[in-house]
Structures are given as C-alpha cells and as structure tokens.
Amino acid sequence: MISLVFLLAFTTITGEASLAPADQIFQYIDAHQHEYVQRLREWVAIESDSSNLLKRQDLIEMIHLAEERIKYLGGTVELAELGVQELHNGTTPRLPPVILAELKKDPKKHTVCFYGHLDVQPARLEDGWASEPYNLTEKDGSLYGRGTSDDKGQILAVLNAVEALQQYELPVNVKFLLEAMEEVGSPGLLKLVEERNSTFFSDVDYIVITDSSWISNKPSITYGTRGNSYFLIEVECAKKDLHSGTFGGIVPEATSDLIYLLSTLVDSSGHILIPGIYDAVAPLTEKEKKLYEKIEWDFKKLKDTFGIRNFTYSTKEELLMRKSRYPSLSIHGIEGAFSAPGTKTVIPARVIGKFSIRLVPHMDRSVVKKQVMDHLNKKFAERNSPNHMEITNVQASKPWLSDTDEPLYLAGRKAIEKVFHTEADLTRIGGTIPIVSHFQDVTGKSIMLLGIGGPDDAPHGQNEKINRYNFIEGTKLYAAFLQELAST
Ligand SMILES: *[C@@H]1O[C@H](CO)[C@@H](O)[C@H](O)[C@H]1NC(C)=O
Ligand SMILES: *[C@@H]1O[C@H](CO)[C@@H](O)[C@H](O)[C@H]1NC(C)=O
Ligand SMILES: *[C@@H]1O[C@H](CO)[C@@H](O)[C@H](O)[C@H]1NC(C)=O
Ligand SMILES: *[C@@H]1O[C@H](CO)[C@@H](O)[C@H](O)[C@H]1NC(C)=O
Ligand SMILES: [Zn+2]
C-alpha cells in the first residue's frame, strides 16, 4: 500500500505529460506564488482611495496598472470615460475611466465577464493598523494591506489564473469590467452598462462578480443579496430651537413625536410591525431550507467578536435566514437631536429620523413605500399632534436572487470541489450590491458572486488582509472555474 502511494506520487512529480491539465495549472500557480504576491504588493502600494478627492490621480494610476497587466496578457483595453462627478457643493471633478477589456475572441467559446473594483476605503496607520496599510506586509500566512481582500487581490487572482491557463489554452473568452469608484457608489457606471448593453455585453454569456467573501473558512458562492429602501421621517414643531425652561410643557415636541413613530416600526425580536410588509416575501422551500443546514457559520464567534448581548434567534439556520432571506428594519439615527456629551436643555425645532428596510424577493419597492407611508401616517394621525410630519423615501435598491442550478453555478460548484475537495456553501448576503441587480436587469445575463476573501479579512476595517492560502488557492479556483465553464 505504502509503495503504491509512493509510486503514484513519483509519477506526479516526474511524469508531467500524463497529468491532467488542471493539475499542471495548479502546479504552475504554486510555482508562481512569489510573483503573484509581488504584483499584489505593487497594486496595494497605490493609494486608490476613491473617497478622497486628492487621490484621483492615484485612481487613474491604478487603472493604468491594471490596463498594463491585461495588455501584457494579450488583452485589448478600452478606457471608457464616465464624465464628471456631481458633488453636493457644486464641484465637478472628472471621474476616473472604467476598464472594458477583452482577452481572446473565439466565437465558438463561451464568454465570461468579470466585474471588480480597483479603489479602496480610506486607511491610515493612525487608525490602528499594525503595519503601513499601503505597504503589503506578510505575517503568519496573511497578507496585510488596504485592498488585499477588497478588491485588488480578488481581481489579481483572476488575472493570474488567466495567465496560468494561457500557458496551455484559455478555455473561454474573458472580459473585464473594472472600475475605481465602487466604494463611493459607482457614479456613472450604471449608465455605462446600459450604453454598452448592445456592444460590450452582447456576446457575454455570464457575469461573475469577484468582490465577495466567504462566511466561514469554507469556500462559498453567493446567489442572492438583499435590496434596501431608505426612509427619512421629518418632524417640525417650531421654526427655531426652543429652551425647555421657557417652552417645556407648552409645546408638543418634535423629538417626542419622532421617537413615538420610530418605536412603532419594529419590536424587540426584530419583527417589523408595518402591516403587510411580509406579504410578498417568497415562501421557504424544502430545498432552500436544506442549504442553510449545510452552511458553516460560527455565529457564536461573531457574537463574541462584536460583544453582542444576544441574537434574536438561537439557531444557525434561523439566524442565517433572518439576515439574508427575510426583510429587516434598522433605525440609523436622528439628525437635529442633541447628541454631544453634556446636558443641554434644548427642544430641537426639527428632527429627522432615519431608518431603512432590507428588501428580499419578491418585495416591491413602491409597495413597501406605500406600506411605510400608510403605517406612519396612521400612527401620526392617532397621536393627534399639530406638528408637521413628512416621510421621504430617499433611495431604494432591489434585491437580487439567482438559481444555483444554472450552468454558471454548476461550474463554480465543481471548481470548488476540484480545488478545495469540499462542497461549496451556497449563501445569500444580507447586504446590498446595487450593481448586481442592475447588471441583471439591463443585460439579462446569468450572474454569480464568486469571491475568495476570508470571513475575517476586515475589508473596510483596520488591518485588512487576505490569507496567502485564499489568494493562491483562489487563483486555482478561478482557473478551474474557467475550465469548468468551457464545458457548460
Ligand atoms: C467640495 O467637496 C469636496 C468633497 O467633500 C471637497 O474635497 C472640496 O474641497 C469641496 N470644494 C469646495 C470648493 O468647497
Ligand atoms: C514596507 O515595510 C517594510 C518592512 O517593514 C520596509 O522595510 C519597507 O521599507 C517599507 N516600504 C515602504 C515603501 O514603505
Ligand atoms: C440588452 O441586450 C440583451 C441582448 O444581449 C437584450 O436581451 C436585452 O433586452 C437588452 N437590455 C435592454 C435594457 O435593452
Ligand atoms: C438569547 O436569545 C434566545 C433566542 O431568542 C433565547 O432563547 C435565549 O434565552 C436568550 N438568552 C439570554 C441569555 O437572554
Ligand atoms: Zn469591494
């Protein structure tokens, strides 16, 4: 038995010609790890912080660096201009261009388009980083640096996978849509997708978003996101702030009205109290229920990490469903209310309460808006207040859900099994990625989120990192995925 194993291992090392191509590609990737990390170091070194107007040149530099890499791989790159950004104060800085790239064009092969972003969240050593955020630092198997996980490392992994496959044959046509303004809401991008639907996207079969992370150390594929509908409730009781010594007791106060209204929205178990809000939620199927049982998720650790007193439910399955397949309502803040330390005795004249509802299939944004308005108007009328109350629905993005049995998903699942020797966790995320539902609506293509970030990468926080393991095995995952996709 032992000698047989030995013999097989020996053949693997010496008998290159008899190896399956996937193994050769994986070996190539392992052998080029150092270069991949070096590239990531170069990318991380560019402070492409899209929230800082002073860094616009860095965004452009980052775009050019990615352009160079794609061209090196033999791709063609168009830098699509998006025009200017409209800031609140009237300034209109130029937006960085978007990369629309294409590698190889064989009409007989499928075409997959990868979307990712090259900009990052702000980061400074003083924020509590253990090492310079823009100087890639490896420690205990993790590569620390802003953008390592979100999202430079993930894009590079795809590009490195393409390079490894090119040593043999690129099994599908690959396109890239890479932007540098994702962290500030992708201004101009949606319009570009619409404009290019009948050109750049016309021959695209699949869209893969490489900007997501696993919820455990087990690889996962994301097939759904929640939408979000954001509301403001404004209550005004006077034209000027009042003193409680002079006016307390003779004025029905705006803040009391607002807090009363906010208190009618959700109960202590997270159940939304707005009539009809759950009516459209898709019923839970047996098949879907089974998915939650399989998912690995350490919610107890999450509870400890954030010092959460208690969750609303006690089982993993119920908590996963509550945070991804059911709606939730969160109260975010009150503008105009006294919030500084100390004991000021003001009666605010005008306050604005802010809350949002995470939407799930098949909740309709306009129906939700009406339900919220009707509920709050009724409650306010019951209170019999003379104050002015106004509700605004400031923004609403749709939920997105895909079918995990589509060919794109089957290819992703097979690739995960090949590289990690485990079944993929199929997850839905509770957050909102507006570009996903927009891609879906405009292009009508099959879309999947296949990311390689780990559960504790701290994408927007201090000490962001990606594990070397995720980066390298993730590169293999993308390579295996492209091969699997060729046979769909
Ligand atoms: C406008 O706002 C931006 C972003 O907050 C700021 O960087 C810029 O200096 C402002 N411009 C002017 C003219 O105030
Ligand atoms: C990055 O960090 C390493 C190790 O601390 C240091 O030697 C190097 O000079 C730093 N590079 C830059 C560009 O700051
Ligand atoms: C985008 O193009 C596809 C064909 O590739 C078409 O089916 C779809 O209707 C188009 N979308 C819009 C919004 O025109
Ligand atoms: C925490 O919440 C769960 C689910 O609601 C409940 O069963 C449990 O008793 C709670 N534990 C404590 C300590 O409050
Ligand atoms: Zn991201």
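Residues numbered from 1 in each chain as written. Chains lettered and ligands numbered in written order. Predicted model: local features only at pLDDT ≥ 70, side-chain atom pairs only at ≥ 80, totals over all residues. Heavy atoms only, no water.

### Digging into the site of ligand 3
Reasoning step 1: Around ligand 3, the neighbouring residues are Asn-197, Val-442 and Lys-445.
Reasoning step 2: Contact between ligand 3 and Asn-197: an oxygen atom at 2.5 Å from a side-chain N or O atom of the residue.
Reasoning step 3: Between ligand 3 and the protein, one listed contact pairs a nitrogen atom with a backbone N or O atom of Val-442 at 2.8 Å.
Reasoning step 4: Calculation on ligand 3 without its partners gives an accessible area of 360 Å², and the protein chains cover 39% of this total. (Near = heavy atom within 4 Å. Polar contact = N/O pair within 3.5 Å; in protein donor to acceptor, adjacent residues only side chain to side chain. Areas by Shrake-Rupley, 256 points an atom, 1.4 Å probe, with all protein chains shown as cover.)

### What to know about the coordination of the zinc ion (ligand 5)
Reasoning step 1: Summarising the metal site, the zinc ion (ligand 5) is bound by the protein donors His-117 (NE2), Asp-150 (OD), Asp-211 (OD) and Asp-211 (OD), whose distances to it range over 1.8 to 2.7 Å.
Reasoning step 2: One chain supplies every donor for the zinc ion (ligand 5), spaced along it as H-x32-D-x60-D. Residue His-117 is found in strand S3 (residues 111-117), and its partner Asp-211 is found in the loop between strand S7 (206-209) and strand S8 (220-225); the two are separated by 94 residues along the sequence. For the pair shown, His-117 and Asp-211 are each scored as buried. (Donors = N, O, S within 2.8 Å, 3.2 Å for Na, K, Ca; no water. Helix = DSSP H or I, 4+ residues; strand = E, 2+ residues; numbered from the N terminus. Buried < 20%, exposed > 50% of the residue type's maximum accessible area, 1.4 Å probe, protein only.)

### Describing the UniProt feature "domain: Peptidase M20 dimerisation" (unreviewed entry) in the chain
Reasoning step 1: Mapped onto this structure's residue numbering, the UniProt feature "domain: Peptidase M20 dimerisation" (unreviewed entry) falls at residues 224-382.
Reasoning step 2: Taken end to end, residues 224-382 comprises 36% helix and 21% strand; its first and last C-alpha atoms sit 39 Å apart. (UniProt positions renumbered as here; feature names shortened; annotations may be inferred.)

### Quick look at the site of ligand 1
Reasoning step 1: Around ligand 1, the neighbouring residues are Leu-53, Leu-87, Asn-89 and Thr-91.
Reasoning step 2: Contact between ligand 1 and Thr-91: a nitrogen atom at 3.3 Å from a side-chain N or O atom of the residue.
Reasoning step 3: Looking at the shell around ligand 1 residue by residue, the class counts come to 2 nonpolar, 2 polar and no charged. (Nonpolar A, V, L, I, M, F, W, Y, C, P; charged D, E, K, R; others polar.)

### Quick look at the domain arrangement of the chain
Reasoning step 1: Under the domain assignment used here, the chain contains domain 1 (18-225 + 399-486) and domain 2 (227-281 + 326-397).
Reasoning step 2: A straight line from the C-alpha centre of domain 1 to that of domain 2 covers 38 Å.
Reasoning step 3: Listed by partner, the interface residues are 8 residues for domain 1 and 7 residues for domain 2.
Reasoning step 4: Summing both sides of the interface, domain 1 and domain 2 together bury roughly 580 Å²; the carbon and sulfur share of this comes to 62%.
Reasoning step 5: Connecting domain 1 to domain 2 are 0 salt bridges.
Reasoning step 6: For the interface between domain 1 and domain 2, the tally reads 2 residue pairs in polar contact (both at pLDDT 80 or more).
Reasoning step 7: Grouping the amino acids of the side of domain 1 that touches domain 2 by side-chain chemistry returns 3 nonpolar, 4 polar and 1 charged. (Domains from an automatic or database assignment. Contact = heavy atoms within 4.5 Å. Buried area = accessible area lost by both parts, 1.4 Å probe. Salt bridge = Lys/Arg side-chain N within 4 Å of Asp/Glu carboxyl O.)

### A look at the pattern of salt bridges
Reasoning step 1: Inspection of the entire model under this criterion finds 38 salt bridges.
Reasoning step 2: Each of Glu-35, Arg-39, Arg-69 and Glu-163 takes part in a single network of salt bridges with overlapping partners.

### Comments concerning the side chain of Ser-220
Reasoning step 1: Tracing the backbone through its elements, the reader meets Ser-220 in strand S8.
Reasoning step 2: Relative accessible area serves as the criterion here: at 3%, Ser-220 is assigned to the buried category.
Reasoning step 3: Discounting residues that sit within four places of it in the chain, Ser-220 has contacts with Ser-213, Trp-214, Ile-215, Ile-416, Asp-425, Thr-427 and Gly-451.

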